[in-house]
Amino acid sequence: QAQLVESGGGLVQPGGSLRLSCEAPGWTLDPFTIGWFRQAPGKEREGVSCITDSDGSTYYADSVKGRFTISRDNAKNTVYLQMTSLKHEDTAVYYCAAQFKATRATIMYDLAYDYWGQGTQVTVSS
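A brief look at the structure comes next.

Within the protein chain, the regular secondary structure consists of 0 helices and 11 strands. Ordered by position from the N terminus, the helices and strands of the protein chain form the series β-β-β-β-β-β-β-β-β-β-β. By the compact-globule yardstick of 14 Å for 126 residues, the protein chain fits well, its C-alpha radius of gyration being 13 Å. Considered along the principal axes of its C-alpha atoms, the protein chain spans approximately 40 × 30 × 25 Å. Buried positions account for 44% of the 126 residues belonging to the protein chain. At a minimum sequence separation of 6, the contacts of the protein chain that also span at least 24 residues come to 58%. Within the structure as shown, the protein chain displays about 6500 Å² of accessible surface, and the carbon and sulfur contribution to it stands at 47%. Once the 11 positive and 13 negative side-chain charges of the protein chain are each reduced to a mean point, those two points are 4 Å apart.

A positive phi angle, near 50°, is found at Ser85, a position not held by glycine. Looking at where Ser85 falls in the secondary structure, it is placed in the loop between β8 (78–83) and β9 (92–100). A relative accessible area of 39% means that Ser85 is categorised as partly exposed. Phi at Lys101 is positive, roughly 60°, even though this residue is not glycine. Looking at the secondary structure, you find Lys101 in the loop between β9 and β10 (115–116).

Under the counting rule described, the total for this entry stands at 6 salt bridges. Residues Asp90 and Arg38 are paired through a salt bridge, measuring 2.8 Å at the closest nitrogen-oxygen approach. With Asp90 in the loop between β8 and β9 and Arg38 in strand β4 (residues 32–39), the pair connects residues that are 52 residues apart, well separated along the chain. Arg38 shares its class with Asp90; the two are buried. Between Lys65 and Asp62 there is a salt bridge, and its shortest N-O distance comes to 3.2 Å. Relative accessible area serves as the criterion here: at 64%, Asp62 is assigned to the exposed category. Taken together, the salt bridges that share partners define one network made up of Arg38, Glu46, Arg67 and Asp90.

With that settled, the discussion passes to the pairing of β4. Burial analysis of β4 places 7 of its 8 residues in the buried class, which makes it a mostly covered element. With 8 bridges connecting them, β4 and β9 associate as antiparallel partners. When the bridges of β9 are listed, Phe32 appears paired with Phe100. Judged from the 5 bridges that link them, β4 and strand β5 (residues 46–51) form a sheet pairing that is antiparallel. Each bridged residue has a counterpart across the sheet, and for Arg38 the counterpart in β5 is Glu46. Once β4 ends, the chain turns through 6 residues before running back antiparallel as β5, passing Gly42 with a positive phi of about 75°.

Cut-offs used in this document
Residues numbered from 1 in each chain as written. Predicted model: local features only at pLDDT ≥ 70, side-chain atom pairs only at ≥ 80, totals over all residues. Heavy atoms only, no water. Helix = DSSP H or I, 4+ residues; strand = E, 2+ residues; numbered from the N terminus. Rg over C-alpha atoms; globule rule 2.2 N^0.38 Å. Buried < 20%, exposed > 50% of the residue type's maximum accessible area, 1.4 Å probe, protein only. Contact = heavy atoms within 4.5 Å. Areas by Shrake-Rupley, 256 points an atom, 1.4 Å probe, with all protein chains shown as cover. Lys, Arg positive; Asp, Glu negative; His and termini not counted. Charge placed at Lys NZ, Arg CZ, Asp CG, Glu CD. Salt bridge = Lys/Arg side-chain N within 4 Å of Asp/Glu carboxyl O. Pairing = 2+ DSSP bridges.

No statement about biological role is implied by the geometric values presented.
Right, dumping it as structure tokens:
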């Protein structure tokens, strides 16, 4: 039933690390640009990172540059978001999403994404 399935969320201390995974049950992620988005309590959904289908180019929100790394393993049909140096402000529900025929203008635009997961909670707290 789920279009995409996120996993790997949890509770971590500030400065800690966490790796999120995004999988597509029954279909391949290969032709899609995959984005990670997050929504914190009381805030709007924002783009975090994405990786293209064409050449695997990666993009990051300024708030996570240098701390987060997105990658994809096509053999495992999985996209990862490695998060390090986590901060309180990173606390949110994290969603992965897939966009077919993405352009540079749409890769970080949530409404351009075609398929979504249900999200995984990331809580950064001491």
